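Coordinate analysis (summary)
Listed here are the chains, written in short residue letters.
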Amino acid sequence: MPLFRFRGGAKVAGRKDLTSDRGIVTPPLPPVLHIPLQQHVGNPAVPAVRVGEHVVKGQLIADAKGTISAPVHAPTSGHVTRIGAHTAPHPSGLPVMTLSLEPDGKETWIRLPEPLDLQVATGAQIAQRVAEAGVVGMGGAAFPAAVKLNQGQRYRLDLLILNGAECEPYLTCDDRLMRERPEQLIAGIRIMMQALAVERAVIAVEDNKHISFTILREACAGDPGIDTVYVPARYPMGSSKHLVKAVTGREAPATGLTAEMGVIVHNVATAFAVYEAVALGKPLISRIVTVSGKALRRPENYDALIGTPVSWLVQQSGGLASEPRQVLMGGPMMGEPLPNLDVPITKGTTGVLFLEGTEVADKNVMPCIGCGSCVTVCPSGLLPLEMAKMLQHEDIDGADRIGLRDCISCGSCNYVCPSHIPLVQFFNYGKGRLRNQDQEKKQHERIKILTEQRRQRLEDGTATAPSTPGMNERNDGASER
Amino acid sequence: MSNTPPMSGPYMRKNKSVQRSMLLVMLALSPATAFGFLAYGWPAILLFMVTLGSALVFEVLCLLVAGRTVRHFATDGSALVTAWLLAVSLPPWAPWWIGVLGSAVAIVIAKHAYGGLGQNVFNPAMVARVVLLISFPLEMTYFVRPAPPWDAAAPGFIESLGIFFGNAVFDATSSATVLNSIRTGLDQGTQLHALLDGHYAPLDWILGLHGGSMAEGSDILLLLGGVFLIANRVMRWHIPVSFLAALAVIATLFNLYDDTRHPDALVHLFNGTTMLAAFFIATDPVTSPMSPKGQIWFGIGLAALVYAIRTWAAYPEGMSFAILLMNALTPLIDRHMKPRIFGRNTRGESLNLVDRQ
């Protein structure tokens, strides 16, 4: 299959050999699970159980709220000991609503729903089952998978790409999944193809994962619709728009979706979760997570229950060999520092890294020497050094004009900068400011509409009461327009 | 937990630093410089050392005045690279004060007056060279024939000190550079063929067996140094390749048009500062464009200017002027040579999907 290039991208040291040969291990049940109610993009789930209640494995414990949301299920049987604030796996260390569960050790399963009959199941039915199972994008984005599986109804799709690039250094969770569970993975892909009504699927694997590639190639040999393809190991190959460009040559519009071009991208781990949800009726209650880094005694890939505290996995890995310089959730390129080791594994956790001083970036910042490395490497075609200079001077609009919104925060520029300038830090700051500006603008517009409506009403001499139900409806309509 | 205050990733970095780049540049310059030492003896070595030494002193003084952390910045190697480039483009037997004055201009005026590392608009070494060339035309155009230490014509150490302090009249064979003699000869109405007769020796030029600045002679060593830097990703190929190619094309075209007045491409490529500039001066990251496309245009523009100055202006070697002019154009080039944003057309509009289906 011919491959296409996208501009930029960096050759990043993989450091995957720490765990790439470590098979998936199921750790013993932890003494307590902390299950956040928001592990996905969208609205947080609403608790469906009460403190003290006994739940069984796979039971719904929190309901989705709205279309962009995902339900949460009990990862094992036990008692709900607490529903309240717990530190979120987020650098802010701010708390989120979290359900704490004390396992009873019996692992009693709920009666699972009947598997869908794929001979007759419609796309909508499959998507609904995936939604009910609480499946989200497992590459880290954690966007509800069902929403993306429903795209078949809105766009005419012709290709499903399975993202097995795993371009982040250290991470091998997808690699191990592809090696150890190829049949289930491919069954999941077929289900996705049926839901999306596409005839063709391509599994894209970076060319540093030969074993995975060979195993998958053999596993899908009998299936004319599914193909495997090597993509070059070039960061950020796993970015969906860049992966689509590499595999199909089609470039998605900056303000649009790849679905508009007929292509949809799902992570390989999501395909596996879809298989479990649809073919077995199992909700998403565990995931494979890479626990690695040189500060850890025994790096491993764990099949961990959602809610397992990071500290439990560290214990299973023989503890820390040295005081880590940096503890991260996710990969070292786009991952985020962990506030402490009590935070749980969530549906979107690809890895937890314990990095030694020698593995961490040098923070000795020098002035920009204008070498242009960041410009060459930027996969979005931006001028990182220009944007950073503008943001340094609080010129948010200037940075916006030259493409701040097109920055995917992949960190390639930061990675190659010889002056060690914290470029991504600037960009994230700028994006935050832009979000606030946008919100303020929206608010202003809304106020303008309301004022106009009020003036109209006074002129008409009708009701002057500031708030009636009927008026609220009208306002909602206005603000949506 | 020993996490530092939250700072966005990435938490890994390529093994690159400003310091490392500067060290590699100096390493790449070493062979050609050593060749220069060999060719021009003690006076060249002394001039080189006083230029670099005084540059470091000026750097530290400027950092102190600016209130910056001296240890952090003075050790980045940038002052040494600047002084090194200045020294090797000076006439090898120039007196000591030429080197010191040059360093002062380069470091104090051309670098720190603009705000220090990364802020200067013009290449500091070239600013210094131009200032010296205009102020001291005699000292700056006194070139000697290469004479290795074992040659009878080479000065001894004591004589070298005399040359270095500028008060001894050592009887050296002063030797006009090839570009210089072509220039003067043509101005006097001599035909190019007559001028080059017996002086057309491309192999000697490439090896560096002809008079010139301290280390601009050995084209082959400079070329190897440049290739080393490109291979180690300290710089990219765009500027050297576009510059040398454009210069060759321009020279060839004019040579074909009128070969009684316009020397061929070999004369332009292997004489004067061409190679040194192509790999070490024009590629200065601070003062050259940042996008690959912009760098290619920078190289082409530089070639055109160099050729024009060498051919029609008052100076036989126009490299330093051409570099400064292109430095001035760099912000403009950067403005117009932006890469296309992913998912957008060159005008910055989001790609249109109507073409599909």
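Residues numbered from 1 in each chain as written. Chains lettered and ligands numbered in written order. Predicted model: local features only at pLDDT ≥ 70, side-chain atom pairs only at ≥ 80, totals over all residues.

As a further point, take the overall build of chain B. A count of helices and strands for chain B gives 16 helices and zero strands. The principal-axis extents of the C-alpha atoms in chain B amount to approximately 75 × 55 × 30 Å. Taking contacts inside chain B between residues at least 6 apart in sequence as the whole, the part at least 24 apart equals 74%. (Helix = DSSP H or I, 4+ residues; strand = E, 2+ residues; numbered from the N terminus. Contact = placed C-beta atoms within 7 Å.)

With that settled, consider the overall build of chain A. Secondary structure assignment for chain A yields 15 helices and 17 strands. Per-residue burial over chain A gives 52% buried out of 481 residues. (Buried ≥ 20, exposed ≤ 12 C-beta atoms within 10 Å, placed from the backbone.)

Here we take up the sheet that holds strand β1 (residues 24–25) of chain A. All names here are of chain A. Ordered by their spatial adjacency, six strands build an open sheet running β1-β14-β13-β17-β15-β16, and the pairing between neighbours is mixed. For this open sheet the edge positions go to β1 and β16 (336–337), each flanked by a neighbour on one side alone. Summarising the sheet, β1 and strand β14 (residues 300–305) pair through two bridges and their orientation is parallel. Looking at the pairing, Ile 24 lines up with Asn 301 of β14. Relative to the sheet, helix α4 (residues 173–180) contacts β1, β13 (286–292), β14 and β17 (351–355), its axis offset from that of β13 by approximately 125°. (Pairing = 2+ DSSP bridges. Axes fitted to C-alpha atoms, helices over the stretch in contact; angles between N-to-C directions.)

A few words now on the nonpolar core. Ranked by internal contacts, the top residues of the largest apolar core, which has 234 residues, are Val130(A), Ile161(A) and Val274(A). When we break this core down by domain, the ones giving at least three residues each are domain 1 (1–106 + 117–286) and domain 2 (373–431) of chain A. (Core = buried A, V, L, I, M, F, W, Y, C linked by C-beta atoms within 7 Å. Domains from an automatic or database assignment.)

Okay, the interface of chain B and chain A next. Where the parts come together, the accessible area they lose is often given as the size of the interface. Across the boundary between the two partners, chain B contributes 36 residues, which contact 58 residues of chain A. Residues that form the side of chain B that touches chain A fall into these classes: 17 nonpolar, eleven polar and eight charged. (Nonpolar A, V, L, I, M, F, W, Y, C, P; charged D, E, K, R; others polar.)

What follows deals with the pairing of strand β9 (residues 159–164) of chain A. Residue and element names in this part refer to chain A. A large share of β9 lies buried, amounting to six of its six residues. Because side chains alternate across β9, one face comprises the buried residues Leu 159, Ile 161 and Asn 163, and the other comprises Leu 160, Leu 162 and Gly 164, equally buried. With six bridges joining them, β9 and strand β10 (residues 200–206) adopt parallel strand pairing. Across the sheet, the residue bridging to Leu 160 is Ala 201, located in β10. The pairing of β9 with strand β12 (residues 263–267) spans five bridges and is classified as parallel. Paired with Ile 161 across the strands is Val 265, a residue of β12.

Moving on to the domain arrangement of chain A. Examined at the domain level, chain A breaks down into domain 1 (1–106 + 117–286), domain 2 (373–431) and domain 3 (433–480). Centre-to-centre separation of domain 1 of chain A and domain 3 of chain A, based on C-alpha positions: 40 Å.

Residue and element names in this part refer to chain A. In this sheet, strand β8 (residues 95–103) lies alongside strand β2 (residues 33–36) in antiparallel orientation, the contact comprising four bridges. Paired with Pro 36 across the strands is Thr 98, a residue of β8. Here strand β7 (residues 78–87) pairs with β8 via nine bridges, running antiparallel. The partner of Gly 84 across the bridge, within β8, is Thr 98.

On to the sheet that holds strand β3 (residues 46–47) of chain A, then. Pairing between the strands of a sheet is mediated by backbone hydrogen bonds and can be parallel or antiparallel. Strand order in the open sheet made by the three strands is β3-β5-β6 (chain A), with antiparallel pairing throughout. Strands with a single pairing partner mark the edges of an open sheet, and in this sheet they are β3 and β6 (72–73) of chain A.

A few words on unusual backbone geometry. Glycine aside, residues mostly have negative phi, and peptide bonds are mostly found in the trans state. Residues and elements named next belong to chain A. In this structure, the amide linkage connecting Tyr 235 to the following residue, Pro 236, adopts the cis form with an omega of 0°. The topology assignment puts Pro 236 in the loop between β11 (226–231) and α7 (240–248). We note that Glu 107 has phi near 55°; this positive angle belongs to a residue other than glycine. Relative to the helices and strands, Glu 107 is located in the loop between β8 and α1 (123–132). In this structure, Tyr 170 takes a positive phi of about 75° despite not being glycine. If you trace the backbone, Tyr 170 turns up in the loop between β9 and α4. Exposure remark for Tyr 170: the 32 C-beta atoms within 10 Å place this residue in the buried category.

With that settled, consider helix α14 (residues 423–460) of chain A. Residues and elements named next belong to chain A. Over its 38 residues, α14 runs 56 Å from end to end, which matches the ideal 56 Å to within 8%, given 1.5 Å per residue. Every buried residue of α14 is listed here: Leu 423, Val 424, Phe 426, Phe 427 and Gly 430. In this structure, the buried residues of α14 make contact with α10 (373–377), α11 (384–392), α12 (396–401) and α13 (412–416). Gly 461 lies just past α14 and shows a positive phi near 75°. (Expected span 1.5 Å × (residues − 1).)

Let us look at the environment of Val56(A). Residue and element names in this part refer to chain A. Structurally, Val 56 is set in the loop between β4 (54–55) and β5 (60–63). Along the backbone, Val 56 and Arg 325 are 269 residues apart, and their C-alpha atoms lie at a distance of 39 Å. Setting aside chain neighbours within four positions, we find Val 56 in contact with Ala 74, Ser 77, Thr 108, Trp 109 and Ile 110.

Before going further, it helps to examine the packing of helix α5 (residues 182–196) of chain A against helix α8 (residues 268–280) of chain A. Residues and elements named next belong to chain A. As a packed pair, α5 and α8 sit with axes 7 Å apart at the nearest point and diverge in direction by 80°. In terms of axis orientation, α5 runs roughly perpendicular to α8. Here Gln 184, Leu 185, Ala 187, Gly 188, Ile 189, Ile 191 and Met 192 of α5 lie close against α8, whose contacting residues are Val 268, Ala 271, Phe 272, Val 274, Tyr 275, Val 278 and Ala 279. Residue composition of the contact of α5 with α8, grouped by class: twelve nonpolar, two polar and no charged. (Parallel < 35°, antiparallel > 145°, perpendicular 65-115°, else oblique.)

What follows deals with the confidence of the model for chain A. Counting all residues, the mean pLDDT for chain A is 91, and 95% of those residues have values of 70 or more. Segment residues 468–481 of chain A is flagged for pLDDT under 50; beyond a separation of four residues in sequence, or across chains, it makes six contacts in the model. (pLDDT = per-residue confidence, 0-100.)

Residue and element names in this part refer to chain B. Counting through the fold element by element, His 238 comes out in helix α12 (residues 238–257). Linking His 238 and Ile 220, residues 18 residues apart in sequence, is a C-alpha distance of 19 Å. Residues contacting His 238, with those up to four places away along its chain left out, are Pro 292, Gln 295, Ile 296 and Gly 299.

We now examine the confidence of the model for chain B. Taken over all residues, the pLDDT of chain B has a mean of 88, while the share at 70 or more is 94%. Across the assembled chains, the prediction reports ipTM 0.85 with pTM 0.87.

Once that is clear, we can look at the packing of helix α5 (residues 124–135) of chain B against helix α16 (residues 319–336) of chain B. Residue and element names in this part refer to chain B. Across the interface, α5 lies against α16 with an axial gap of 9 Å and an inter-helix angle of 130°. Judged by the inter-axis angle, α5 sits oblique to α16. Our pair here, α5 against α16, has a crossing hand that is left-handed. When α5 is examined against α16, the residues Met 126, Val 127, Arg 129, Val 130 and Leu 133 are found in contact with a partner set consisting of Ser 320, Phe 321, Ile 323 and Leu 324. (Left-handed = near helix turned anticlockwise from the far one by under 90°.)

Residue and element names in this part refer to chain B. With 49 residues, helix α1 (residues 18–66) ought to run about 72 Å at 1.5 Å a step, yet its terminal C-alpha atoms sit only 20 Å apart, falling short of that. Taken as a whole, α1 carries its principal kink of about 130° at Gly 41; the proline Pro 43 stands between one and four residues after it. After α1 finishes, the residue Gly 67 shows a positive phi value of roughly 70°. (Bend = angle between axes of the 7 residues up to and from the residue.)

So, on to the environment of Leu302(B). Residues and elements named next belong to chain B. Positionally, Leu 302 belongs in helix α15 (residues 292–312). Among the residues examined, Leu 302 registers 27 C-beta atoms within 10 Å and is labelled buried. For the pair Leu 302 and Gly 156, spaced 146 residues apart in the sequence, the C-alpha separation amounts to 40 Å.

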